[in-house]
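Okay, here's what each chain looks like letter by letter:
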Amino acid sequence: MSQANKRELAATFSPADIEAPLYQKWLDAGYFKADATSDKPPFTIVIPPPNVTGSLHIGHALDHTLQDIVIRMKRMKGFETLWLPGMDHAGIATQNVVEKQLAAQGKSRHDLGREEFIKTVWKWKAESGGAILAQMKRLGDSVDWSRERFTMDEGLSKAVQEIFKRLYDAELIYRAERIINWCPRCLTALSDIEVEHSDDAGEFVQVRYGDENISITVATTRAETMMGDGAVAVHPEDPRYKDLIGKMVLLPLVNRMIPIIADELVDPEFGTGAVKVTGAHDPNDFEMAMRHGIDMPIIMNEHGVMANSGTKFDGMDRFEARKAVVDELRLQGRIVAEKRPYVHAVGHCQRCDTTVEPRLSMQWFVKVAPLAKAAGDAVRDGRIKIEPEELAPRYFDWIDNMHDWCISRQLWWGHQIPVYYGPNGEVVVCGPNDTPPAGYTQDPDVLDTWFSSGLWPFSTLGWPEATDDYKKFYPTSVLVTGYDILFFWVARMVLLGLFVNDGIAPFHTIALHGLVRDRFGKKMSKSRGNTVDPIEFMDKYGSDALRFTLARGANPGTDQALAEEWIGGSRNFATKLWNATRFAVLNGATIEGELPAFDGLDDINKWILTRLDETIEAVDNYLEKFEFAKACEEIYHFAWDDLCDWYLELSKASFASGGESAEVSKRVLGHVLDQVLRLLHPAMPFISEELWCSFTGGETLVTATWPKSNFAMRDESSKAVVTQLQDLVTEIRRFRNDQGIKTSAKVNANFVGLGAHEAALRQVCRLEVMTGVPGAKIEVGKVIVEFDLTGAIDVKAERARLTKDLATAEKDRTTAKVKLDNEGFMAKAPMEVVQEIRTRLAQTTADIESITAQLAALPND
RNA sequence: GGGUGCUUAGCUCAGUGGUAGAGCGCUUCGUUUACACCGAAGAUGUCGGGGGUUCGAAACCCUCAGCGCCCA
């Protein structure tokens, strides 16, 4: 410890003055940099890579705070910690941003051409991307910046090619013509989870197909696709249509004959029980069409505009066509019934909200069945633990029912699919070290962004090379993220991680947290106008205050509400610690020299050390279980209630007295403060560092040792003594309050039956030694306090106070008595419970006696 | 439609069988040499409704109602 580091603390706490310099100090010292050659056990977290287009929102602030808490604690526990930062190239999102900029100049990406467009995106990334990185520094993230990665980096791209080839060789990647989700605005395929369903108002019409010979009425919400119908389907057991199965029926508007087929998929209860089969434009219809060998004409282009139907509707937008088709049918007298609005689930593009169009097209898929089985098993057999475990069923539900994953995207920004086609339709898949044969052309599509982020835990560490980082830090330790990306990202990492690593999971624990919502628990959204800006909060209250508020609200896997004044509350807590430390320093608190022998301490010192040790144990246990809210709660109440409100107050007399007792208190207080600042450091790194360094003269808390519980520093009886002191103080204060005695006023009083700690009590309650005759007394347990109020006692107030106490005591006594009179209770309740109730009965009985006597002794008013 | 969760103080939430808790808010008083971003004292709950199990239920079971989320 060097005296030189000790600093005087400013009279008021100003977060802005300390935070930026401290972060710079940590960077300069290289505390966050992991050492792959270290002998310490590794502890690794990879950050959920934020989109390169993104900026820090309140959800990141929560996610990062929790990760930082874990990583900082582990660092203090002596692990070789690596928290690896980076960003995701975010295919669609980023392409959209750059295209929008081009559009402002009246250009499209096609004007630039693929190569030029990609250059433009990289340029955009260099100039405007990654704003979030600077904001992460603001928050205090102890990430290793020397290992920052980007999913489009060369190394990560090699990992993408490598795994694509391995999956292809294992026949787990295939190309096929399937019906996929298509965004007519982004002009790309989407995977199932990139489609968000909402209940929208549509229309439901019943249309009579056929002519005077055979007719059947079908029900549909998508009349415009009827030009692409290949059949009409009914349920095989439906008696209404039994005779029609196998017959041909006229398709109106296009005047084509189509068959009536029977398929179990048809719900006889839905509409008329007869549905149109449009294989190229509906996923269910596609299944039926495949089963029955039905034609699947494509009558819409990639923009969602009608095309090649051979009707007058060609060239109309799909929604415009829907109306026109129904109008035309109505004219022809073919509309049997219409319902509008008809509310039903409609899919929307996650990125741009455009209504998704099912589209038949050639795409690349991952065959997920064997991979998903392994991913489910890894959690089932405990190789991966999901915290909280209540969320595991959701994981199973999804992973056990996962459809094949469409991984090709018709975009330019992303990892181009490493497949090359020869002049005669040859297909060659190239790994990172392969060269495609001359004259072959590469597949123009790119891969789903989540394909590359699914490799994140190992691609960032150098895989497929066996780098030092990979050997030291892989598999990673725990994954901390929001449950909202459990399917998008977490499940994919498990899937791909197990595949490349022969069943070894990419992490052993998935710690899921919830979403940050507004003060009323409502989801934050731009349309609601209830979003908040974490940067603004950090400016106003400090990063520590924001972090502590978020961590304190973070119960595992559940959403949390956030209101600005709660952050103010955390700032108040920081100020409290600031002032408590100033007070401690003022009174000479120190960490120098041996801590006095525990057994020789008085009750107050034993008590605070006992409470400290209990707090250390609780905080450590909670943090190891990702119970951030409970851990913060423990620290908060220990620091504010036990330390500030009680220990500091009860110790003032000791400090004032000087001598040996003061020396002991100084050393104990120094120890407690040192330890509590260490406990606080992961959650509130800035203020804890500032206070600890200035108080102890030490270099840093970042690499300081994490407190360890020590049962030899506990004494139960001291807790009982201090509890009694607290009761006494509370009752004296209450008496003073009820009697209208100013807090600052000194009152003459004496104690009867009090053992030790009289000086501390007198200090806290502002009582002077009484020489006169007592004018009033109160009884607290076995202790009597006699006051000299020189006859000025407020009898009315005193009677009210005692009457209230009497009522409480009588109620408690009755409760206890009823229990003890209950034969069932006496026969079946455990001994210790019965004993506890007996003690309660005795205590309340004594209280009633004493209060009654006091009431009787009061003069009449 | 299938899952799943929730309903505890004015608000947001802890609390998995033994006298109901926290933060914020509220009322009153108060500048006592750490702190008014503070201190002290105080008020506020048939723990969603009904039924059951149990000596004992906010907690376990059943049921009804309301709200939410995920998936289709």
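None of the values given here were measured: they were computed from a predicted structure.

What follows deals with the sheet that holds strand S6 (residues 188-190). Spatially, 4 strands are ordered S6-S5-S14-S16 in an open sheet, and the strand pairing comes out antiparallel. Two strands bound the open sheet, and with one partner strand each, they are S6 and strand S16 (405-406). When strand S5 (residues 173-183) meets strand S14 (residues 357-366), the two strands line up antiparallel, connected through 10 bridges. Across the sheet, the residue bridging to tyrosine 174 is phenylalanine 365, located in S14.

Further remarks concern the protein's contact with RNA strand B. Surrounding RNA strand B, one finds 49 residues, the nearest of these being Arg571, Thr575, Glu633, Trp640 and Lys828. Sugar plus phosphate: this is where 63% of the atoms of RNA strand B within 4 Å of the protein reside. Within the side chain of threonine 575, one N or O atom sits 2.6 Å away from a base oxygen of RNA strand B. Elements supplying a minimum of two residues to the surface near RNA strand B: helix H18 (564-586), helix H20 (628-657), helix H23 (716-738), helix H25 (795-821), helix H26 (823-828) and helix H27 (831-857). Of the residues contributing to the surface near RNA strand B, the split by class is 14 nonpolar, 13 polar and 22 charged.

Bringing the packing of helix H7 (residues 154-169) against helix H15 (residues 486-500) into the picture now. Running from N to C, H7 and H15 point in directions that differ by 75°, and their axes come no closer than 11 Å. The pairing of H7 with H15 is recorded here as roughly perpendicular in orientation. Here Ile163, Arg166 and Leu167 of H7 come into contact with H15, specifically with Leu496, Phe499 and Val500. The class makeup of the residues in the contact of H7 with H15 is 5 nonpolar, no polar and 1 charged.

How large an interface is tends to be reported as the accessible area lost when its parts come together. Considered domain by domain, chain A is made up of domain 1 (188-358), domain 2 (563-714), domain 3 (715-793) and domain 4 (795-861). The interface of domain 2 with domain 3 comprises 15 residues on the first partner and 16 residues on the second. Buried surface at the junction of domain 2 and domain 3, summed over both partners, amounts to about 1400 Å²; 69% is from carbon and sulfur atoms. At the boundary of domain 2 with domain 3, the tally comes to 1 salt bridge.

Right, let's get into the packing of H23 against helix H24 (residues 758-765). Between H23 and H24, whose axes approach to 10 Å, the crossing angle comes to 35°. The way H23 lies across H24 gives a crossing that is right-handed. Every residue of H24 that contacts H23 at Leu725, Leu728, Val729, Ile732, Arg733 and Arg736 is listed here: Leu761, Val764 and Cys765. Tallied by class, residues from the contact of H23 with H24 come to 7 nonpolar, no polar and 2 charged.

Parameters at a glance
- Residues numbered from 1 in each chain as written.
- Chains lettered and ligands numbered in written order.
- Predicted model: local features only at pLDDT ≥ 70, side-chain atom pairs only at ≥ 80, totals over all residues.
- Heavy atoms only, no water.
- Pairing = 2+ DSSP bridges.
- Helix = DSSP H or I, 4+ residues; strand = E, 2+ residues; numbered from the N terminus.
- Near = heavy atom within 4 Å.
- Polar contact = N/O pair within 3.5 Å; in protein donor to acceptor, adjacent residues only side chain to side chain.
- Nonpolar A, V, L, I, M, F, W, Y, C, P; charged D, E, K, R; others polar.
- Axes fitted to C-alpha atoms, helices over the stretch in contact; angles between N-to-C directions.
- Parallel < 35°, antiparallel > 145°, perpendicular 65-115°, else oblique.
- Contact = heavy atoms within 4.5 Å.
- Domains from an automatic or database assignment.
- Buried area = accessible area lost by both parts, 1.4 Å probe.
- Salt bridge = Lys/Arg side-chain N within 4 Å of Asp/Glu carboxyl O.
- Left-handed = near helix turned anticlockwise from the far one by under 90°.

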